[in-house]
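As a plain string of letters, each chain reads:
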Amino acid sequence: MATTELERPRRQIWLVDLYRSDIGKKYAMALSGIILLGFVVAHMVGNLHLFEGPEKMNEYGEFLRDFGEPVAPRSVVLWLLLRIPLIGAFAVHIHAAYALTYVNAKARPDKYQQPREWLAASYASRTMRWSGTIVLLFLIWHLADLTWGWTFVNPDFERGMPYENAVASMSRAGVAALYVVANVALGFHIFHGAWSLFQSIGANHPRFNRWRRWLAQGLATVVVLGNVAFPIAIFTGFVG
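Below you will find a few notes about this structure. In this text, all values refer to a predicted model and were calculated from it rather than measured experimentally.

1. Points about the pattern of salt bridges
Under the definition given, this model contains three salt bridges. Among the salt bridges present, the one from Arg74 reaches Asp66, with a minimum N-O distance of 2.4 Å. Look at Arg74 and you get partly exposed, because its relative accessible area is 39%. Salt bridges sharing common partners tie together Glu62, Arg65, Asp66 and Arg74.

2. Comments concerning the packing of aromatic side chains
For the structure on display, the rule yields seven aromatic pairs. Both rings, one in Phe51 and one in Phe238, keep their centres 6.4 Å apart while their planes meet at 55 degrees; by these two values the pair is tilted. Here Phe51, found in the loop between helix 2 (22-47) and helix 3 (54-66), pairs with Phe238, found in the segment after helix 9 (206-235); they are 187 residues apart in sequence, far enough to count as distant. The exposed category is assigned to Phe238, whose relative accessible area is 66%. Centre to centre, the rings of Trp211 and Trp214 are 5.1 Å apart; their planes meet at 85 degrees, and the pair counts as edge-to-face. Here Trp214 and Trp211 lie together in helix 9, a separation of three residues that amounts to about one turn. A residue is classified by how much of its surface remains accessible, and Trp211, at 48% relative accessible area, is partly exposed.

3. Comments concerning the side chain of His93
Mapping His93 onto the fold places it in helix 4 (residues 76-107). On the basis of relative accessible area, His93 is assigned to the buried category, the value being 17%. Excluding its chain neighbours within four sequence positions, the residues that come into contact with His93 are Met29, Ser32, Gly33, Leu36 and His189.

4. Comments concerning a nonpolar patch on the surface
A surface patch of nonpolar side chains, amounting to about 880 Å² of accessible area, comprises Phe63, Phe67, Val76, Trp79, Leu80, Leu81, Leu82, Ile84 and Ile87. The element contributing the most residues to the nonpolar patch is helix 4, with seven residues. Here Leu81 lies in helix 4. With relative accessibility at 62%, the residue Leu81 sits in the exposed group.

5. Describing the packing of helix 2 against helix 9
Running from N to C, helix 2 and helix 9 point in directions that differ by 40 degrees, and their axes come no closer than 10 Å. The pairing of helix 2 with helix 9 is recorded here as oblique in orientation. Judged by the sense of rotation from one axis to the other, the crossing of helix 2 with helix 9 is left-handed. Within the contact between the two elements, helix 2 uses Leu37, Val40, Val41, Met44 and Asn47 and helix 9 uses Leu219, Val222, Val223, Gly226, Asn227 and Phe230. A class-by-class count of the residues in the contact of helix 2 with helix 9 yields eight nonpolar, three polar and no charged.

6. Considerations on unusual backbone geometry
With an omega of 0 degrees, the peptide bond between Glu69 and Pro70 qualifies as cis. With respect to the element layout, Pro70 can be found in the loop between helix 3 and helix 4. Even without glycine at this site, Ser75 takes up a positive phi of about 75 degrees. By secondary structure assignment, the location of Ser75 is in the loop between helix 3 and helix 4. Among the residues examined, Ser75 registers a relative accessible area of 16% and is labelled buried.

7. Observations concerning helix 9
With 30 residues, helix 9 should reach 44 Å at 1.5 Å per residue; the first-to-last C-alpha distance of 44 Å fits that figure. The first or second residue beyond helix 9 is Gly237, which carries a positive phi of 90 degrees.

8. Focus: the packing of helix 7 (residues 162-170) against helix 9
The geometry of helix 7 relative to helix 9 is characterised by a closest axis approach of 9 Å and an angle of 75 degrees between their N-to-C directions. Taken together, the axes of helix 7 and helix 9 lie roughly perpendicular to each other. Between helix 7, through Ala166, Val167 and Met170, and helix 9, the contact on the second element is made entirely by Phe230, Pro231, Ile234 and Phe235. The class makeup of the residues in the contact of helix 7 with helix 9 is seven nonpolar, no polar and no charged.

Criteria and cut-off values
Residues numbered from 1 in each chain as written. Predicted model: local features only at pLDDT ≥ 70, side-chain atom pairs only at ≥ 80, totals over all residues. Heavy atoms only, no water. Salt bridge = Lys/Arg side-chain N within 4 Å of Asp/Glu carboxyl O. Buried < 20%, exposed > 50% of the residue type's maximum accessible area, 1.4 Å probe, protein only. Phe/Tyr/Trp six-rings, centres within 6.5 Å; stacked < 30°, edge-to-face > 60°. Helix = DSSP H or I, 4+ residues; strand = E, 2+ residues; numbered from the N terminus. Contact = heavy atoms within 4.5 Å. Patch = residues over 30% accessible without salt bridge, like charges linked within 9 Å, V, L, I, M, F, W, Y side chains within 5 Å. Areas by Shrake-Rupley, 256 points an atom, 1.4 Å probe, with all protein chains shown as cover. Axes fitted to C-alpha atoms, helices over the stretch in contact; angles between N-to-C directions. Parallel < 35°, antiparallel > 145°, perpendicular 65-115°, else oblique. Left-handed = near helix turned anticlockwise from the far one by under 90°. Nonpolar A, V, L, I, M, F, W, Y, C, P; charged D, E, K, R; others polar. Expected span 1.5 Å × (residues − 1).

What follows is the structure in C-alpha cells.
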C-alpha cells in the first residue's frame, strides 16, 4: 500500500535536525560563544571612553542609540544589529550548555568511585558551569545597574548619562568589588571557552595546542584587565 501524505514523516529544517544532535549543540555553543566574545571585547573597548571624561563617554552612548538615523528611527539599528542577535546568542549558548551537561550526566549516572584525575583538565574547565552562572547573574545586575536603571540597584541612575551612572555605581565599595569578582569569573569562562572552541569544531591537534592556549590566555587577560580597570579607576577616584 502506498504511503499517504498524512503518513509521511514531516521533514524538519536541517538546522533543527543538526541542533538536536550533540555535535550540533557543540557547534551552536562555539558559534554563539564567538558572537558573545566579540561583543565582550567590543564593549570593553567602547567603555575605554570612560578615561576620556564624561563628554566623550556620553557622546559614545548617544552614537550607539542614534546609529542609523535619519534612515531608521532612533535605537532601531541598535536593536536589529546588536541587541536582538545578542539575546539570541545568549539563549542558544545557555540552552546548548544545559543540554550537553544533561546528556553528559545521563551518560555517567554514578559518581566517580575514586578521586578523579585532573591532569588533563584545567581549573577553568572544572568550574565552567559555575563561572557561567556567575556571569549570567552578573549580567542581570549589570543591566539593572547601567541600562535599565533600577532604583534599588543604582539610586542615582540618570537615563542617557552612562559616565555619571558608572561613577555613581562603582564609587560604592561593594559594587566595585562585585564588578571585579564577576570579571575574574568571566576571565575563567573566556579562557576555557576560547580553548575548547577549536576542539568543538574539530580543529584539535597537538601542533596547534600551544597557540590555542596563548590565544585563550591572551583574550581572557585582555578582557579581565580592561574591565577590572573601570571599577578600580572609579573607586580610587582616578575617574569621576
